[in-house]
Protein chains: 2
Amino acid sequence: MKLYEFSLAPGPRRVRIFIAEKGIEIPSVQINTRERQQFSDEYRAVNPNCVVPALVLDDGTCLGESVAICRYLEETHPEPKLMGRDAKEKALIEMWNRQAELEGYLAAVDAVRNSAPMFEGRGVAGVTGGVPQIPALAERGKQSMGRFFAKLDGRLADSSHLAGDRFSIADITAFVTIDFAKRAEIEIPEDCANVARWFAAVGERPSASA
Amino acid sequence: MKLYEFSLAPGPRRVRIFIAEKGIEIPSVQINTRERQQFSDEYRAVNPNCVVPALVLDDGTCLGESVAICRYLEETHPEPKLMGRDAKEKALIEMWNRQAELEGYLAAVDAVRNSAPMFEGRGVAGVTGGVPQIPALAERGKQSMGRFFAKLDGRLADSSHLAGDRFSIADITAFVTIDFAKRAEIEIPEDCANVARWFAAVGERPSASA
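Residues numbered from 1 in each chain as written. Chains lettered and ligands numbered in written order. Predicted model: local features only at pLDDT ≥ 70, side-chain atom pairs only at ≥ 80, totals over all residues. Heavy atoms only, no water.

Examining the packing of aromatic side chains
Scanning all chains against the criterion turns up 6 aromatic pairs over all chains. Summarising the aromatic geometry, the rings of Trp198 of chain B and Phe199 of chain B are spaced 6.4 Å apart at their centres and angled 50 degrees between planes, so their arrangement reads as tilted. In this pair, the class of Trp198 of chain B matches that of Phe199 of chain B, namely buried. Three or more aromatic residues joined by ring pairs make a cluster, and in this case those are Phe175, Trp198 and Phe199 of chain A. It is Arg14 of chain A that lies over the ring of Tyr105 of chain A; its NZ or CZ is 5.0 Å from the centre. (Phe/Tyr/Trp six-rings, centres within 6.5 Å; stacked < 30°, edge-to-face > 60°. Buried < 20%, exposed > 50% of the residue type's maximum accessible area, 1.4 Å probe, protein only. Lys NZ or Arg CZ within 6 Å of the ring centre and 35° of its normal.)

As structure tokens, this is what we get:
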């Protein structure tokens, strides 16, 4: 297997933390998206979608999507389980992971991609240009992050982790989201003490530095 | 189990088709989102996120998210498998399902929610108001759908179904997306013959009327 990723991008970080929690070693290659290496002919031949991360299996199959990579690793390296042990736990982790992504991660991406100068004309990932930034969408992303923090804080008042009493992929998604959102100057609100406590605890796991 | 859904909304339709393919019977309740019933105190007690669909299990657990519901049903009613048989197939279906959602479904939702008068002030699902529509985002959604059709057409030139040679949840997501996008006057482009052929074939499955 070979992992194509970029150390400064949030999508690959989700996968790096997942891999670290599993204790797996996978050789990796840096694709510097700040230098637009994802659009090179060489990388296009690996992943025609021109995004990172991508995991290429030994038979040449390319998994060019973060959660698909995690799913593959969960199936082939089952312990520790990060996507659930039985039907109900799997479904609850899926729900919280997707809510963290749809309501948090994508909102943070909206806020960053539609405001940071480096994404001018590239408001959508994997597209070389011609997609103007939308300032109103950056603003909507910030508002959505506010709702996400409030929801997360309510959940973490009753639960040690996002999807229940065990660490899961949902915690990884939410943690990476919050860390990434700082690039748009979005911080954990002062009244979200539960989020702050959980964020500090996840940040102390060895995988957080991955 | 009880399914809360709305017959005219695309998210619940993904789940209805999945259930029909599985051949399961689940009692359901209509939550008319056009009449804002998802914001009623009664439904808020069922699913505090105020979105449909939601599946309430016999022990009272609420799964308030489409793919989480599908995951639960895949685990508890394994045949026919719609989310993959082995690690690689599960990962490829996850990848195609997520690409259909992130690049197609969410683009169609952007196009519809940011242009249709019924969503004025409600640009994000589950929020009662205060989220202005963004016309530029509706336009971006249409452009993204154009790229999605082109990608889909290339894939379906080589593959009978989106994630391989078998029908899967990825086909359901893409099918519902394309049907839903018609509400924003987005149609399958004339040069996408592979998409048109596949769309007609999926539409002939008994589950398509679910």
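Structural notes on the pattern of salt bridges
Opposite charge on two side chains lets them pair, provided their charged atoms get close. Tallied over the full model, the rule gives 30 salt bridges over all chains. Glu101 of chain B is paired through a salt bridge with Arg98 of chain A; the nearest N and O atoms lie 3.0 Å apart. With one member in each of two chains, Glu101 of chain B in helix α4 (residues 87-113) and Arg98 of chain A in helix α4 (residues 87-113) form a pair that bridges those chains. Each member of the pair, Glu101 of chain B together with Arg98 of chain A, is buried. Here Glu74 of chain B and Lys22 of chain B are joined by a salt bridge, their closest N and O atoms 2.7 Å apart. In this pair, Glu74 of chain B is assigned in helix α3 (residues 66-76) and Lys22 of chain B in helix α1 (residues 10-22), connecting sequence segments 52 residues apart. Residue Glu74 of chain B is classed as buried on the basis of its relative accessible area, which comes to 9%. (Salt bridge = Lys/Arg side-chain N within 4 Å of Asp/Glu carboxyl O. Helix = DSSP H or I, 4+ residues; strand = E, 2+ residues; numbered from the N terminus.)

Some points on the relation of the copies chain B and chain A
Screw-axis analysis of chain B against chain A gives a translation of 0.0 Å along the axis, an RMSD of 0.0 Å, and a rotation angle of 180 degrees. Taken together, the rotation and translation relating the two chain copies correspond to the operation of a two-fold axis. For chain B, the smallest separation between a C-alpha atom and the rotation axis is recorded for Leu137 of chain B, amounting to 3.8 Å. Taken as a fraction of all interface residues of chain B, those also at the interface in chain A reach 100%, which identifies the copy contact as same-surface. (Least-squares fit on C-alpha atoms with pLDDT ≥ 70 in both. Contact = heavy atoms within 4.5 Å.)

Comments concerning the side chain of Asp153 of chain B
All names here are of chain B. Relative to the helices and strands, Asp153 is located in helix α5 (residues 135-158). Among buried Asp, Glu, Lys and Arg side chains, Asp153 stands out as unpaired, with Arg197 the closest opposite charge at 7.2 Å. At 2.9 Å, the side chain of Asp153 forms a polar contact with the backbone nitrogen of Val195. When near neighbours in sequence (up to four residues on either side) are disregarded, Asp153 contacts Asp191, Cys192, Ala193, Asn194 and Val195. (Lys, Arg positive; Asp, Glu negative; His and termini not counted. Polar contact = N/O pair within 3.5 Å; in protein donor to acceptor, adjacent residues only side chain to side chain.)

A word on the interface of chain B and chain A
Counting residues at the interface gives 43 residues for chain B and 43 residues for chain A. The contact between chain B and chain A buries some 3400 Å² in all, and 58% of this surface belongs to carbon and sulfur atoms. If you look at where chain B meets chain A, you find 10 salt bridges. With a closest N to O distance of 2.6 Å, Lys88 of chain B and Asp59 of chain A form a salt bridge. Taken together, the connections running from chain B to chain A amount to 20 residue pairs in polar contact (both at pLDDT 80 or more). Listed by contribution, the elements that provide at least two residues to the side of chain B that touches chain A are β4 (62-63), α3, α4 and α5 of chain B. Ranked by residues supplied to the side of chain B that touches chain A, first place goes to α4 of chain B with 12 residues. Taken together, the residues that form the side of chain B that touches chain A break down as 19 nonpolar, 11 polar and 13 charged. (Buried area = accessible area lost by both parts, 1.4 Å probe. Nonpolar A, V, L, I, M, F, W, Y, C, P; charged D, E, K, R; others polar.)

Things to note about the packing of α4 of chain A against helix α5 (residues 135-158) of chain A
Residue and element names in this part refer to chain A. For the pair α4 and α5, interaxial distance at closest approach is 7 Å and the crossing angle is 145 degrees. The element α4 and its partner α5 pack so that their crossing is left-handed. In contact with Trp96, Gln99, Ala100, Glu103, Gly104, Ala107, Ala108, Asp110 and Ala111 of α4, α5 contributes Leu137, Ala138, Gly141, Lys142, Ser144, Met145, Phe148, Lys151 and Arg155. Residues belonging to the contact of α4 with α5 are distributed by class as follows: 9 nonpolar, 4 polar and 5 charged. (Axes fitted to C-alpha atoms, helices over the stretch in contact; angles between N-to-C directions. Left-handed = near helix turned anticlockwise from the far one by under 90°.)

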